[in-house]
There are 2 protein chains.
Amino acid sequence: MKIIVQKFGGTSVRDDRGRKHSLMHIKHALEEGYKVVVVVSAMGRSGEPYATDTLLNLIEAKDTGVSTREQDLLLSCGEIISSIVFSNMLNKNGVKATAINGAAAGFCTNDDFTNAKIVDMKCDRLRSMLEEHDVVVVAGFQGQTEEGDITTLGRGGSDTSASALGASLQADYIDIFTDVEGVMTADPRIVEDARPLDVVTYNEICNMAYSGAKVIHPRAVEIAMHAKVPLRVRSTYSTSTGTLVTVKGSNEIQERIVTGIAHVSHVTQIKVMEKEGAYDLQATVFKAMAAANISVDFINISPTGVAYTVNGDVTERAVAILREKGYEPIVTEHCAKVSIVGAGIAGVPGVTSKIVTALSEQGIGILQSADSHTTIWVLVRDEDMIQAVNALHGAFELSGEMAKDFE
Amino acid sequence: MKIIVQKFGGTSVRDDRGRKHSLMHIKHALEEGYKVVVVVSAMGRSGEPYATDTLLNLIEAKDTGVSTREQDLLLSCGEIISSIVFSNMLNKNGVKATAINGAAAGFCTNDDFTNAKIVDMKCDRLRSMLEEHDVVVVAGFQGQTEEGDITTLGRGGSDTSASALGASLQADYIDIFTDVEGVMTADPRIVEDARPLDVVTYNEICNMAYSGAKVIHPRAVEIAMHAKVPLRVRSTYSTSTGTLVTVKGSNEIQERIVTGIAHVSHVTQIKVMEKEGAYDLQATVFKAMAAANISVDFINISPTGVAYTVNGDVTERAVAILREKGYEPIVTEHCAKVSIVGAGIAGVPGVTSKIVTALSEQGIGILQSADSHTTIWVLVRDEDMIQAVNALHGAFELSGEMAKDFE
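Bear in mind that the values here come from a model prediction, so they are computed numbers and not experimental data.

Some details on the sheet that holds strand 2 (residues 35–40) of chain B
All names here are of chain B.
Next, step 1: Strand order in the open sheet made by the eight strands is 3-6-2-1-9-11-12-10, with mixed pairing throughout. This sheet does not close on itself; its edge strands, each paired only once, are strand 3 (97–100) and strand 10 (199–201). Neighbour-to-neighbour, the strand axes of the sheet open up by a mean angle of 20°, direction not taken into account.
Next, step 2: As defined by bridge partners, strand 10 adjoins strand 12 (residues 243–246) across three bridges and the pair is classed as parallel. Paired with Thr 201 across the bridge in strand 12 is Thr 246.

This is the structure in C-alpha cells:
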C-alpha cells in the first residue's frame, strides 16, 4: 500500500478556499495511487466556536482548579470536530473517507498533559481502515495514555501527529501544508526577494525552526528524520511540491553554504559581571533562572562574567531575581537574534568574515555572537533586525541572483 | 464511601439560574456526607454551538457518507465540553471537582453506534477519583467499544448513564434533575390540577414513560430497578426531593389504584378487514409493517380482521404498503392514546367501568382499548384528548382532592 500523509491547518477545513485547495491536493494524491492519511488541526480562526482558544476560554483555566488532564480532554474536541467535518466534506465531493480520533489512530503517549510525548504508535486499526477507505482523516494534536486519558501534544502538535503517522506507516511522503510556498530563505514579510527552497536538510530546517522560522515544529522534523521519511513543506494554495526536507545529498544542498536567514525579535540581553572574590556567579545565576522556569539562550560564559538572553516578556522577573541574589545586571532590552543557517557552514573559511562585513557595511553593531557547525547566530538591536536580515540574505546570494551592492 | 449520582440537563450547565441551582443541590449532598457523581448532557439549547443538534448540523449526516461511528465521535464532544465547563464552575465555587469522559468513567458498550448498549461498567478509575475529589463530573450519553471507538447511548442517554453509574457504584440515590417537580399525575400543561407524586413504582414510571410522559427514559428506570438503587426525579429549581421511584411497598402506593394519566397524540388507527376465503391477513400485515421498519402499537386481532396504531408521520407509507398487498385499510388519523397507569389496577373491580363512565359523561368516544395488569389504554380522537385526560384525572381523584362532579 502506497501511503502519503497530508497535514492541513484549521483554515483548510473552515473556509471555502481552503477546502477547495486541500480537496485538490488529496484528489491529486489519490490519482497517483496513494492512500491518503489526512491530519487536521482544530478548525477556524481565533474566536470561532471550535477553535482551540475559544474552547480554552470556556474554562479560563488559570484561575480555577481545572486540571491539565481536563484541559486536554476539552481541547481534543476541537480536532475531533474538525476531522469529522473534513471527512464529511470529502465524502460530499466523492472521496471515500472516514475520520478517527488520535486515540483510535494509535497515538499512545505519556501523561505529561498539555505537552505529551508519543511513546508508541499502534496503527493496525488505521491500516485496516485504509484498506476500506481511500482517505482516513485523523484528529491531530492528540493521543491517549495507557490509563485511557486523552492528551494533547503541545505546540506544533498536528505537525508532530503527521510525522509520527508517516513514520509508523512508513509513508512515501509527509506533506505539511501551510500558507507559504515552502521553507523560505528568509521571512518574506521582511525580505522582499526571499524565495522558497527546493530542498533543505533535516538539520537545517530544525535549526531554522528553533531560530524563529515558523514553518514546521522541530519535533515533527526529528521524527521524520529518524524514520527516514521524506517530508515536504507545501502551500495549500499552490500545486508546487514545496520544499523537500531530506538527508544531505542533493547537489543543490552540497553546493550551497548558507540556506536561510531566520530571526527572533523581542529578546533581552542580560550581562552579569563577576564580583571580586566571589566565584560562584555562573552556578548561582543559571540555577536561579532554572528555578524560576526562565529559558535562557545565547549563553556566553567567561572568567569575567556571563551574558545570556531571555524572552522580552520575562525581563522584569529575571532582573528582580538577580537583584535578590545581590547582582546588578546590565540589561539591554529590544534585541533580536539573527540566525545564519546552513549545513555547508562547517569548515568553510570566510563565513564569519562575510557576516561581519555585511553588517558593518550597514552600520549594524553585533552585541553578541555564537556558532555551531550548521548555524551562526548574531544578536543585534531590534531596530536593526530587518536591515540585518536583508543584508545577510543579500551577502549570501540567497535570492538566487548575485549579491546586491550595498551602499 | 456514601455516593449519590446527580444528573443535570444542558440548561443547568449553560445558564446562570441553572448553574446556581445545580450548585445548590451538589453542595447540599456534600454537606450530607456524600461523594457526588454528576452526569451532564450537552450544554445549551438548540442552535448554540455545543448543543447536540448544532454539532449534528455541521455534517448534515443523512446526505453523505459519514458513518454512524463518526457521528457518535462528533456528538460525544458535546457532553465532554459540558462536563469540563461544569467541573470548572464547581471549582470556581469552592467545590473540589474534576471531569472525565464516558470511556474513562468505565462505560463499555457494544458497537451499535447512535444507540449503543452498555455491556459492562469498569468503575475502578472513577472510584479512585472519588477518593481525591468530592465531585466527579462525567460526560453523559457516551461510552466506548472494546475496539476503542466512542459510542453514544441513544435517546435519554444521559439518564441511562446516571442509572448505570448509580448501579455500578451501588449509590445511595440516583437523582434525575428536570424542569418539573417530579413525576406528575398528568401533564401539567393540559391538566391544571396535576400534582407531583411523592412515590411511584419502577413499573409505573416505565409504563408512564412508554406511554408518553417525558420525565425519564425507561431504560434508565430498568437499570436502577435491576440494581435496586432508589431513583428520584427532581426539579433543578426546587429543594423538594421530588418523586421517589421504588419497589412496591409504601403505604401511598399500596392504597392507590391509579397513579397517573399519560398521553401520546398524533397517532393513526388502521383497520384491515379479513377478505372472504383468505386467512393470511394477520401474518401478511404485520410482516409488511416490520419489513418497512414501522412500529405498530395498540394491536387488536380478531377473526374478522386487525386494528392497530402507527405514528402519524408514517400513515401514508403504511397505507401504501397495505394497498400494494391488495388490502383497503380503514384509516382514522389524528388519534391520541390515553393511558391510565397504576400498579393497583390489577384485580380491582370497577376500574374499566369508571373509565368508560368518565369518558361517556363527556361525550368522548373510545375508538379502541387495551389493558395490562398495570395500565389501561384507550384510543380517542386528538380533539378529545385534553378533555379525556382531565376527566380521567378527576375520576380517579389524582389531584389529591375528591373527584369533581362532572356534568
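Concerning the packing of aromatic side chains
Next, step 1: This model, assessed by the stated rule, comprises seven aromatic pairs over all chains.
Next, step 2: Ring geometry for Phe 8 of chain B against Phe 177 of chain B: centres 4.7 Å apart, planes inclined by 10°, an arrangement best described as stacked. Of this pair, Phe 8 of chain B sits in strand 1 (residues 3–8) while Phe 177 of chain B sits in strand 9 (residues 173–178), placing them 169 residues apart in sequence. As far as the burial class goes, Phe 8 of chain B and Phe 177 of chain B line up, both buried.
Next, step 3: What links up through ring pairs into an aromatic cluster is the set Phe 8, Phe 86 and Phe 177 of chain A.
Next, step 4: Geometry around Tyr 173 of chain A places Arg 232 of chain A over its ring, the cationic atom sitting 3.7 Å from the centre.

A word on the relation of the copies chain A and chain B
Next, step 1: Of the two same-sequence chains, chain A is brought onto chain B (RMSD 0.1 Å, axial shift 0.0 Å) by a rotation of 180°. Such values leave the two copies arranged in the relation of a two-fold axis. It is Cys 77 of chain A whose C-alpha, among those of chain A, lies nearest the rotation axis, at 2.8 Å.
Next, step 2: When the interface residues of chain A are mapped onto chain B, 97% of them again lie at the interface, so the same face is used by both copies.

Brief notes about empty space enclosed by the protein
Next, step 1: Under the defined criterion, the tally for this structure stands at six cavities of 30 Å³ or more.
Next, step 2: One number sums up the size of the largest cavity: a volume of about 70 Å³.
Next, step 3: Taken together, Leu 73, Ser 76, Ile 80, Asn 101 and Ile 150 of chain A together with Leu 73, Ser 76, Ile 80, Asn 101 and Ile 150 of chain B make up the full set of residues lining the largest cavity.
Next, step 4: Secondary structure elements with two or more residues in the lining of the largest cavity: helix 4 (68–92) of chain A together with helix 4 (68–92) of chain B.
Next, step 5: Among the residues making up the lining of the largest cavity, the classes are represented as six nonpolar, four polar and no charged.

Concerning the environment of Thr 152 of chain B
Residues and elements named next belong to chain B.
Next, step 1: Positionally, Thr 152 belongs in strand 8 (residues 150–152).
Next, step 2: Separated by 160 residues in sequence, Thr 152 and Gly 312 place their C-alpha atoms 27 Å apart.
Next, step 3: Sequence-distant contacts of Thr 152, defined by excluding residues within four places in its chain, comprise Asp 72, Leu 75, Thr 114, Asn 115, Ala 116, Phe 141 and Gln 142.

Some thoughts on helix 4 of chain A
All names here are of chain A.
Next, step 1: Between its first and last C-alpha, helix 4 extends 37 Å over 25 residues, near the 36 Å set by a 1.5 Å rise per residue.
Next, step 2: Most of helix 4 sits out of view: 23 of its 25 residues are buried.
Next, step 3: Residue Gly 94 follows helix 4 closely and has a positive phi angle near 80°.

Description of the sheet that holds strand 16 (residues 330–341) of chain A
Residue and element names in this part refer to chain A.
Next, step 1: As summarised here, the arrangement of the six strands in space is 14-15-13-16-18-17, forming an open sheet in which the pairing is antiparallel. Either end of the sheet is taken by a strand with one partner, and the two such strands are strand 14 (297–302) and strand 17 (368–371). This sheet shows a mean twist of 30° between the axes of neighbouring strands, independent of strand direction.
Next, step 2: In the sheet, strand 17 pairs with strand 18 (residues 375–381) via four bridges, with the strands oriented antiparallel. From the neighbouring strand, Ser 369 faces strand 18, where its bridge partner is Val 378.
Next, step 3: Helix-sheet contacts for helix 13 (residues 351–361) involve strand 16 and strand 18, and the interaxial angle to strand 18 is about 20°.

Topic: unusual backbone geometry
Next, step 1: Although it is not a glycine, His 266 of chain A sits at a positive phi angle of roughly 60°.
Next, step 2: Within the secondary structure, His 266 of chain A sits in strand 13 (residues 260–273).
Next, step 3: Positioned with a positive phi, Asn 293 of chain B is a non-glycine residue whose angle comes to about 60°.
Next, step 4: Within the fold, Asn 293 of chain B resides in the loop between helix 11 (281–291) and strand 14 (297–302).

Details of the UniProt feature "binding site: substrate" (unreviewed entry) in chain A
All names here are of chain A.
Next, step 1: As annotated by UniProt and renumbered to match this structure, "binding site: substrate" (unreviewed entry) occupies Thr 52 and Glu 79. In summary, the annotated positions, though distributed over 28 residues, converge in three dimensions, the widest C-alpha pair being only 8.5 Å.
Next, step 2: Here Thr 52 lies in helix 3 (residues 52–57).
Next, step 3: Once residues within four sequence positions are removed from consideration, Thr 52 is found in contact with Ala 42, Leu 75 and Glu 79.
Next, step 4: Structurally, Glu 79 can be placed in helix 4.

Quick notes on the environment of His 217 of chain A
Residue and element names in this part refer to chain A.
Next, step 1: In this fold, His 217 is placed in the loop between helix 8 (202–210) and helix 9 (218–227).
Next, step 2: Under the relative-accessibility criterion, His 217 is labelled partly exposed at 22%.
Next, step 3: C-alpha separation for the pair His 217 and Cys 206, spaced 11 residues apart in sequence, amounts to 7.9 Å.
Next, step 4: If sequence neighbours within four positions are ignored, His 217 has contacts with Arg 155, Gly 156 and Asp 159.
Next, step 5: At a separation of 3.3 Å, a polar atom in the side chain of His 217 contacts the main-chain carbonyl oxygen of Arg 155.

A look at the packing of helix 8 of chain A against helix 9 of chain A
All names here are of chain A.
Next, step 1: Between helix 8 and helix 9, the shortest axis-to-axis distance is 9 Å and the interhelical angle comes to 170°. One finds that helix 8 runs roughly antiparallel with respect to helix 9. Taken together, the residues of helix 9 that come into contact with helix 8 (itself represented by Tyr 202, Ile 205, Cys 206, Ala 209 and Tyr 210) are Pro 218, Val 221, Glu 222, Ala 224 and Met 225.
Next, step 2: Across the contact of helix 8 with helix 9, the residue classes tally to nine nonpolar, no polar and one charged.

Some thoughts on the interface of chain A and chain B
Next, step 1: Every contact between the two is made by 37 residues of chain A and, on the other side, 37 residues of chain B.
Next, step 2: Between chain A and chain B the total buried area reaches about 3000 Å² when both faces are included, carbon and sulfur atoms providing 58% of it.
Next, step 3: If you sort the residues of chain A by the area they bury against chain B, Tyr 50, Ile 84 and Arg 125 of chain A come out on top, with a joint share of 18%.
Next, step 4: Our count for the contact surface shared by chain A and chain B stands at four salt bridges.
Next, step 5: A salt bridge links Glu 147 of chain A to Arg 125 of chain B, with the nearest nitrogen and oxygen atoms 3.5 Å apart.
Next, step 6: At the junction of chain A with chain B, the criterion picks out 18 residue pairs in polar contact (both at pLDDT 80 or more).
Next, step 7: Mapped onto the side of chain A that touches chain B, the elements with two or more residues apiece are helix 3, helix 4, strand 3 (97–100) and helix 6 (124–132) of chain A.
Next, step 8: No other element matches the 13 residues that helix 4 of chain A contributes to the side of chain A that touches chain B.

Thoughts on the pattern of salt bridges
Next, step 1: What the rule picks out here adds up to 22 salt bridges over all chains.
Next, step 2: Salt-bridge contacts for Asp 175 of chain A lead to Arg 232 of chain A; the nearest nitrogen and oxygen are separated by 2.8 Å. Taken as a pair, Asp 175 of chain A in strand 9 (residues 173–178) and Arg 232 of chain A in strand 11 (residues 231–235) lie far apart in primary sequence, 57 residues in all. The same class applies to Asp 175 of chain A and to Arg 232 of chain A, which are both buried.
Next, step 3: One continuous salt-bridge network, built from bridges that share partners, spans Arg 125 of chain A together with Glu 147 and Asp 149 of chain B.

Scoring rules and cut-offs
Residues numbered from 1 in each chain as written. Chains lettered and ligands numbered in written order. Predicted model: local features only at pLDDT ≥ 70, side-chain atom pairs only at ≥ 80, totals over all residues. Heavy atoms only, no water. Pairing = 2+ DSSP bridges. Helix = DSSP H or I, 4+ residues; strand = E, 2+ residues; numbered from the N terminus. Axes fitted to C-alpha atoms, helices over the stretch in contact; angles between N-to-C directions. Phe/Tyr/Trp six-rings, centres within 6.5 Å; stacked < 30°, edge-to-face > 60°. Buried < 20%, exposed > 50% of the residue type's maximum accessible area, 1.4 Å probe, protein only. Lys NZ or Arg CZ within 6 Å of the ring centre and 35° of its normal. Least-squares fit on C-alpha atoms with pLDDT ≥ 70 in both. Contact = heavy atoms within 4.5 Å. 1 Å grid on protein atoms, 1.4 Å probe; cavity = no way out; pocket = protein on both sides within 12 Å on 5 of 7 lines; lining within 4 Å. Points joined across faces, edges and corners; volume = space filled by probe spheres on them. Nonpolar A, V, L, I, M, F, W, Y, C, P; charged D, E, K, R; others polar. Expected span 1.5 Å × (residues − 1). UniProt positions renumbered as here; feature names shortened; annotations may be inferred. Polar contact = N/O pair within 3.5 Å; in protein donor to acceptor, adjacent residues only side chain to side chain. Parallel < 35°, antiparallel > 145°, perpendicular 65-115°, else oblique. Buried area = accessible area lost by both parts, 1.4 Å probe. Salt bridge = Lys/Arg side-chain N within 4 Å of Asp/Glu carboxyl O.

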